[in-house]
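What follows is the residue order along each chain.
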Amino acid sequence: ATDQGKGAKATGCPVDHSRLSPTGCPVSANAAAFDPFTGPYQQDPPSSLRWSRDEEPVFYSPKLGYWVVTRYEDVKAVFRDNITFSPANALEKITPFGDEANAVLAKYDYAMDRTLVNEDEPAHMPRRRALMEPFTPPALAHHEPMVRRLVREHVDRFINNGRAELVDEMLYEVPLTVALHFLGVPEEDHETLRRYSVAHTLNTWGRPAPEEQVAIAENVGKFWQYAGKILDKMREDPSGPGWMQYGIRLQPEMPDIITDSYLHSMMMAGIVAAHETTALAATNAIKLLLEHRTLWEEICDDPNLIPNTVEECLRFSGSIIAWRRVATKDTKIGDVEIPKGGKLLIVNTSANHDERFFDNPDELDIRRENASDHLSFGYGAHQCMGKNLARMEIQIFLEELTTRLPHLELVPDQEFTYLPNTSFRGPQQLWVQWDPAKNPERTNPEILDRKLKIKIGQPSKRSITRTMTVRDIARETDDIVRITLADVHGRPLPKWSPGSHVDLELGDLSRQYSLCGDPDDRSAYQIAVLKDPESRGGSRFVHENLRVGSTLQMRGPRNHFKLDPDAPRYLFVAGGIGITPILAMADHARREGKEYEFHYCGSSRGAMAMLDRVVRDHGDRLVLHVSDEGTRLDVASLLAEPREDTKVYACGPQRLLDALADATTHWPEESLRVEHFSSDLGELDPEKEHAFDLKLADSGITVRVAPDQTVLAALRAANIDVPSDCEEGLCGTCEVGVVSGEIDHRDMVLTKSERALNNKLMTCCSRACGDTLTLEL
Ligand code: HEM
Ligand code: FES
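What you are looking at is a predicted structure, and each value in this text was computed from that prediction instead of being measured.

*Asks:* Just checking my understanding: could you explain the sheet that holds strand E28 (residues 772–775) for this structure?
*Replies:* Pairing between sheet strands relies on hydrogen bonds along the backbone, with the strands arranged either parallel or antiparallel. The strand order across the open sheet built from 5 strands is E23-E22-E28-E24-E26, with neighbouring strands paired in mixed fashion. Both edges of this open sheet fall to strand E23 (702–705) and strand E26 (760–762), since each of them pairs with a single strand only. When the angles between neighbouring strand axes are averaged without regard to direction, this sheet yields 40°. Pairing between strand E22 (residues 692–696) and E28: 4 bridges, direction parallel. What sits directly across from leucine 694, in E28, is leucine 773.

Here it is as structure tokens:
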């Protein structure tokens, strides 16, 4: 350690070794060897830092002169606190230029100033707020047809060739053109801009040799001058629709916030922010999916999966893999002391592969429910403003390619090369091939008319679907069938817990059914469906249309009806088809050796599904109530004596549930739990609501919630991501932490005592009692 200490000091280590560690140098061998420009970090950045995530999640790299942060929670915490960890160095040259290159820059009056991404408070937030509107989902919707047209035109150019280098032929140019459209720059000089952008990346994040620096500086200088010229042209007529014109128009109102220097610098930085990030992310995504062929085929079959696939690809292999901050005071990350002025490399790709946060992080799972919690767009006050434009572009690339070239494959044995730099990552070339004779549009030109509706923003969990096939249909009673469903490709299904349900797409309808089979059986799910004479179509569809071998789309499983594992005793009450979740619960209680009592009610034995199995498995705990045998359940006497140790779980007709609710009013709070498949909690009557403000503690903005708007909708309109699923107050997915302000709880998720804590809000339905809520967002 002492030798390393000397070595580290020789390279200019800023850490006072004698003070930090009595045993000598605090820099471990791994940390000393870390070099982001060569070797393992270039090959596979997240794996190359696994040692760090496991052993030394914050370490000082003497070669780089930076503290490197690699775990999810730490990276997020650094992003979250932009006061302690200033972004001022985000675009600083990671390798300083020599005198000759600096002289070249001076020749071009190069004066790149802070823009947004590297601006400190209090200057940053007013500017971000002022300039956000063009990035919001309604404003971005206007760009969708342009993006789609561009992608189509590019595919048209190569679709009959059988072979293409996608970066050159599409993935580089389309995001550049989109970026220029978005910024409002006339569509000219693409080639020049392209050369300039590469120079800018290497200038900022690369390690060019001294002789290369001069050439790079020439291009950076020219880029700067060119940006100035475009800006001058725009100022002559700032009426255009672009983001830059939007800023120019605001300038007279707020000259201190939108300065000349800002506009010139943003003109240049904006192209890089919007262009390369997206081009590289799209390249990474297509490469990844073609390397995982079955996943590619799945999105070809079911384009609904594309939005979540985009998030998973951004997580797995984002285009910005590390970002920078600098400590403004002596501070700590975990238990590592960071001195004031300490520079940080926060490796978001490592965070995205942290198993402390993501299950099986090295598996590409396009149905991963928390995929969009990745940190590839950063987090908090500086989180990428263009994230929804980028998401839209990558979605459209995938939609168009999977529709028109589902038979696309990677050219085998190609080598992927990456521009050596710390932060921007994506292969420089991506060769693909296919048999043009098999292009679907040759035989089926209608596929070109397929209209997919892009949902701008973070995908809802409801968009995560799975194609299932009907493996078996068994008749339980005259009116009830038990259906066994399996993944169409035979893949293992997600685990589920008692009380879970799935959503099935049945024709034009979506219906929910509780699972009732064996939760340990990952090969199949079972549901039971009653033929309901009052059916609005769901149960009729199941009974009349489904056959063994039919396929259908499934979402879930989800559990809004969870068993409390800590309850000492359970009382289960099932009425009719309500047996399905209750049976799964009772099975679980039996397996776990819990105390339970099981009441099953029906009109006649012949109408009671799975009766034989219920009797067989739960005989000693079971009480049957059969109306035509005169043994109808007497709810009042069953529940006459309140019991502290017992939780009552019930599913069945509304009459039964109402009777149970009446009969448990003298029981301890929340003794009775019932299944809710749907509710109208997400619906609002604007007449009865008031508007209020949300103060967002992490993002530094205030969002107004209108009377006809949910908190979730208001947050999304302000470009704040919040996951959601049911959007009806049933599932708890949209929960956010509340710092202050009184909550008007309207969900079915929180218990009374949880509500009383006033620290969690279900954004899809709950609101503010007063004028303001401060949220942990
Ligand atoms: C900021 C990533 C696309 C505009 C950022 C940051 C990251 C990032 C990591 C810094 C976040 C932080 O400090 O917390 C990406 C990725 C993209 C992408 C991976 C594509 C996949 C875009 C696009 C645009 C854009 C298309 C513009 C149209 C911006 C702006 C900021 C930013 C303006 C600065 C925000 C601020 O500091 O307030 N982006 N970006 N980005 N990005 Fe993106
Ligand atoms: Fe399900 Fe809000 S999204 S409770």
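*Asks:* Just to check I follow, could you spell out the coordination of the iron atom of ligand 1 for this structure?
*Replies:* In ideal tetrahedral geometry, four donors around a metal make angles of 109.5 degrees, whereas ideal octahedral geometry with six donors gives angles of 90 or 180 degrees. Among all protein atoms, only Cys384 (SG) binds the iron atom of ligand 1, sitting 2.2 Å from it. Here cysteine 384 lies in the loop between helix H20 (348–351) and helix H21 (387–404).

*Asks:* Would you mind going over the site of ligand 1 with me for this structure?
*Replies:* Looking at ligand 1, there are 29 residues lining it, with His124, Arg128, Arg325, His382 and Cys384 nearest. Taking valine 117, its main chain carries an N or O atom lying 3.4 Å from an oxygen atom of ligand 1. At 2.9 Å from an oxygen atom of ligand 1 is found a side-chain nitrogen or oxygen belonging to arginine 325. Most atoms of ligand 1, that is more than half of them, are within 2 Å of grid points of the largest cavity. Sorting the residues of the shell around ligand 1 by element identifies helix H9 (124–131), helix H17 (260–291), strand E5 (323–327) and H21 as the ones contributing at least two each. If one sorts the elements of the shell around ligand 1 by residue count, H17 sits on top with 5 residues. Residues of the shell around ligand 1, tallied by class, amount to 18 nonpolar, 9 polar and 2 charged.

*Asks:* When you look at unusual backbone geometry in this model, what are you seeing that I'm missing?
*Replies:* Most peptide bonds take the trans form, and the phi angle of most residues other than glycine is negative. Here the bond from glutamate 121 into proline 122 is cis, since omega is 5°, no more than 30 degrees from zero. Relative to the helices and strands, proline 122 is located in the loop between helix H8 (99–107) and H9. Along the chain, glycine 556 connects to proline 557 via a cis peptide bond; the corresponding omega equals 5°. Mapping proline 557 onto the fold places it in strand E16 (residues 551–559). For aspartate 109, which is not glycine, the phi dihedral falls at a positive 55°.

*Asks:* Would you mind going over the sheet that holds strand E18 (residues 595–602) with me for this structure?
*Replies:* Taken in spatial order, the 5 strands of this open sheet run E19-E18-E17-E20-E21, and their pairing is parallel. Edge strands, defined here as strands with exactly one partner in the open sheet, are strand E19 (622–626) and strand E21 (672–674). When the angles between neighbouring strand axes are averaged without regard to direction, this sheet yields 15°. Contacts from helix H24 (residues 579–591) reach strand E17 (569–575), E18 and strand E20 (646–651), with the element oriented near 155° to E17.

*Asks:* Explanation requested: H21 in the structure shown.
*Replies:* Owing to its 3.6 residues per turn, the α-helix aligns residues three or four sequence positions apart on the same side. Counted at 1.5 Å a residue, the expected span for H21 with its 18 residues is 26 Å, and the 26 Å between its end C-alpha atoms agrees. With 18 of 18 residues buried, H21 lies mostly within the body of the structure.

*Asks:* Quick question: what am I supposed to make of the environment of aspartate 302 here?
*Replies:* Along the polypeptide, aspartate 302 turns up in the loop between helix H18 (293–301) and helix H19 (306–316). The spacing of aspartate 302 and arginine 466 is 164 residues in sequence and 8.4 Å in space, taken between C-alpha atoms. Sequence-distant contacts of aspartate 302, that is, excluding residues within four places in its chain, are made with Thr465 and Gln553.

*Asks:* Explanation requested: the pairing of strand E13 (residues 500–506) in the structure shown.
*Replies:* Walk down a regular strand and you will see the side chains alternate between the two sheet faces. The buried fraction of E13 is high, at 6 of 7 residues. In terms of strand pairing, E13 meets E16 through 4 bridges, oriented antiparallel. Directly across from aspartate 503, in E16, lies its bridge partner arginine 555. Pairing between E13 and strand E14 (residues 509–514): 6 bridges, direction antiparallel. Its bridge partner lying in E14, aspartate 503 is registered against glutamine 512. Between E13 and E14, which pair antiparallel and follow one another directly, the connecting turn spans 2 residues, one of which, glycine 507, has a positive phi of 60°.

*Asks:* Sorry, what's going on with H8 here?
*Replies:* Buried within H8 we find Ala101, Val104 and Leu105. One side of H8 holds all its buried residues, which, seen down the axis, span an arc of 100°. In H8, the exposed residues that point more than 90 degrees away from the buried face are Asp99, Glu100 and Lys107. Those residues of H8 that are buried are in contact with helix H15 (210–236).

*Asks:* Just checking my understanding: could you explain the packing of H24 against helix H25 (residues 611–618) for this structure?
*Replies:* Packed helix pairs are specified by the crossing angle of their axes together with the interaxial distance, meaning the distance between the axes. H25 packs onto H24 with a crossing angle of 20° between their chain directions and a minimal axis gap of 11 Å. One element, H24, and the other, H25, form an angle in the roughly parallel class. The element H24 and its partner H25 pack so that their crossing is left-handed. Contacts between H24 and H25 involve Ile579, Leu583, Ala586, Asp587 and Arg590 from the former and Arg613, Val614, Asp617 and His618 from the latter. Its residues placed into classes, the contact of H24 with H25 shows 4 nonpolar, 1 polar and 4 charged.

Conventions and cut-offs
Residue indices follow the written sequence of each chain, beginning from 1 at its first position. Here chains are named by letter from A upward and ligands by number from 1 upward, in the order in which they appear as written. Under the rules for a predicted model, residues below a pLDDT of 70 receive no local features and side-chain atom pairs below 80 are neither given nor counted, while totals for whole chains, interfaces and linings still include all residues. Water and hydrogen atoms play no part in the side-chain values, which are based on all heavy atoms of the structure. One requirement defines pairing of two strands: DSSP has to find at least two bridges between them. For the purposes of this entry, the term helix denotes a DSSP run of H or I that reaches at least four residues, the term strand denotes a run of E that reaches at least two, and both are numbered from the N terminus. Whenever a helix is involved, its axis is fitted only over the stretch in contact; in every case the axis is a line through C-alpha atoms, and angles between N-to-C directions fall within 0 to 180 degrees. Coordinating donors are taken to be N, O and S atoms lying within 2.8 Å of the metal, or within 3.2 Å when the metal is Na, K or Ca; because water is excluded from the atom set, some sites may appear incomplete. We call a residue near a molecule or strand when any one of its heavy atoms sits within 4 Å of it. Nitrogen and oxygen atoms within 3.5 Å of one another constitute a polar contact, given that in protein one can donate a hydrogen and the other can accept it, and given that sequence-neighbouring residues count only through two side-chain atoms. With a 1 Å grid spanning the protein atoms alone, the term cavity applies to any set of points in which a 1.4 Å probe fits but cannot get out, the term pocket to an open set with protein on both sides within 12 Å along at least five of seven lines, and the term lining residue to any residue with an atom within 4 Å of a point. To be counted as sitting in a cavity or pocket, a molecule needs more than half of its atoms within 2 Å of that site's grid points. In this count, Pro and Cys sit with the nonpolar residues alongside Ala, Val, Leu, Ile, Met, Phe, Trp and Tyr, while Asp, Glu, Lys and Arg are called charged and the others, Gly among them, polar. Contacts are assigned to residue pairs with any non-hydrogen atoms lying within 4.5 Å of each other. In a helix, the anticipated span is given by 1.5 Å times the number of residues less one. Buried residues are those whose accessible area, probed at 1.4 Å on protein chains only, stays under 20% of the maximum for their type, while exposed residues exceed 50% and partly exposed ones sit between those limits. As used here, the arc belongs to the directions running from the helix axis to the C-beta atoms. An angle counts as roughly parallel when it lies under 35 degrees, as roughly antiparallel when it exceeds 145, as roughly perpendicular when it falls between 65 and 115, and as oblique in every other case. The sense of a crossing depends on the near helix, which, turned anticlockwise from the far helix by less than a right angle, makes the crossing left-handed and, turned clockwise, makes it right-handed.

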